[in-house]
Amino acid sequence: MTSAQPLNCKAELENARAPAKRIWLHALWLTGLGIILLPYDFSFYGHQFEDSIPGDLTRVISLSEIFAHGFGVVLAAIAIWVLAAPHRRSIPRVVICAIWPAISVHLLKLLFARRRPLTYLQADGNPKFPDSIDSTWLGFLSDERVNFPTYAIQSFPSAHTATAWGLAIGLTWLFPRGRGLFFTLAFFASIQRITSMSHWPSDVCWGAAIAFLMAGAVTQNWGIGYQLSKFEGKSNSDKNKTTV
């Protein structure tokens, strides 16, 4: 009986991986998309989402939040440890891909305050927005922060989205064949942040952009990526490419 061929042989990895510049392009167009959507953030909440999205799809979107949560990152690390033993040394890189963008986003939240969509909900469950989108911003280190609970003014940018896309990038770096699956999970997790009224669509775009920027750097063979490559014991030639 012939032995099974490994799914991630070097040739397949090289074919599945794209140049690093593609990652920066993703970060760039997502940043631009967030700027374009900014004036239209209110329009995404003109009706109840439950009335426009099928029930089963609503549940899928809701459950996908776990992919954007720290618990989801832990589950991914455990899955790699149990199911892909030869790749155990790659777990730190995957985890850093998810956590580093989230930490960066939280630092931005401390500097720039923006009200979450759900803070505009009325007693009847419908939102009542101000006349201008500018009113959602409280400014840079604004004194108005004291008038709101901390969570209520941490809409910009979306940390859950940054975590989801960072995890997707890290997992895709390790398992290129799963790119479609990982990106789909990250996409649904991003939509969940909008449908739950936790973030404006522009915040979600900017969170994803930060993930591509920060996690993309971790997948490279320089800086922290170079140190991780030495820890993983893999050749430089195999790490000159990324997977996004």
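Predicted, not measured: the structure shown is a model, and the values here were computed from it.

Each value, and the rule that gives it
Residues numbered from 1 in each chain as written. Predicted model: local features only at pLDDT ≥ 70, side-chain atom pairs only at ≥ 80, totals over all residues. Heavy atoms only, no water. Buried < 20%, exposed > 50% of the residue type's maximum accessible area, 1.4 Å probe, protein only. Helix = DSSP H or I, 4+ residues; strand = E, 2+ residues; numbered from the N terminus. Arc of directions from axis to C-beta. Contact = heavy atoms within 4.5 Å. pLDDT = per-residue confidence, 0-100. Patch = residues over 30% accessible without salt bridge, like charges linked within 9 Å, V, L, I, M, F, W, Y side chains within 5 Å. Areas by Shrake-Rupley, 256 points an atom, 1.4 Å probe, with all protein chains shown as cover. Salt bridge = Lys/Arg side-chain N within 4 Å of Asp/Glu carboxyl O. Axes fitted to C-alpha atoms, helices over the stretch in contact; angles between N-to-C directions. Parallel < 35°, antiparallel > 145°, perpendicular 65-115°, else oblique. Nonpolar A, V, L, I, M, F, W, Y, C, P; charged D, E, K, R; others polar.

### Considerations on helix H9 (residues 224-232)
Turning to H9, its buried residues number three or more, namely Gly225, Leu228, Ser229 and Glu232. Buried positions in H9, seen along its axis, are confined to an arc of 105° and lie on one side of it. Buried residues along H9 sit against helix H5 (91-111), helix H6 (159-174) and helix H8 (201-218). Just downstream of H9, glycine 233 is the residue with a positive phi angle, here 70°.

### Digging into the environment of lysine 128
Topologically, lysine 128 is positioned in the loop between strand S1 (112-114) and strand S2 (137-140). Residue lysine 128 is classed as exposed on the basis of its relative accessible area, which comes to 60%. Beyond its immediate chain neighbours, meaning those up to four positions away, lysine 128 contacts Tyr120 and Gln122.

### What about unusual backbone geometry?
In this chain, phenylalanine 156 is followed by proline 157 through a cis amide linkage whose omega measures -25°. One non-glycine residue, methionine 197, lies in the positive phi region at around 60°. With respect to the helices and strands, the residue methionine 197 is situated in the loop between helix H7 (179-195) and H8.

### Here we look at the confidence of the model for the protein chain
The predicted structure's coordinates, where accompanied by low pLDDT, should not be read in detail. Per-residue pLDDT for the protein chain has a mean of 83; in total, 79% of the residues score no lower than 70. Low confidence marks residues 11-18, where pLDDT is under 50. Its contacts with residues over four positions away, or in another chain, come to 23 contacts. Segment residues 235-242 is flagged for pLDDT under 50; beyond a separation of four residues in sequence, or across chains, it makes 28 contacts in the model.

### Things to note about a nonpolar patch on the surface
On the surface, Ile99, Trp100, Ile103, Leu107, Leu110, Leu111, Phe112, Phe140 and Ile224 cluster together into a nonpolar patch covering about 800 Å² of accessible area. Note on placement: leucine 107 falls in helix H5. The exposure class of leucine 107 is exposed, given its relative accessible area of 52%.

### Points about the packing of H6 against H7
At their nearest, the axes of H6 and H7 sit 9 Å apart, and the two run at 180° to each other. When the axes of H6 and H7 are compared, the pair comes out roughly antiparallel. Here His160, Thr161, Ala164, Trp165, Ala168, Leu171 and Thr172 of H6 lie close against H7, whose contacting residues are Arg179, Phe182, Phe183, Ala186, Phe187, Ala189, Ser190 and Arg193. In the contact of H6 with H7, the residues fall into nine nonpolar, four polar and two charged.

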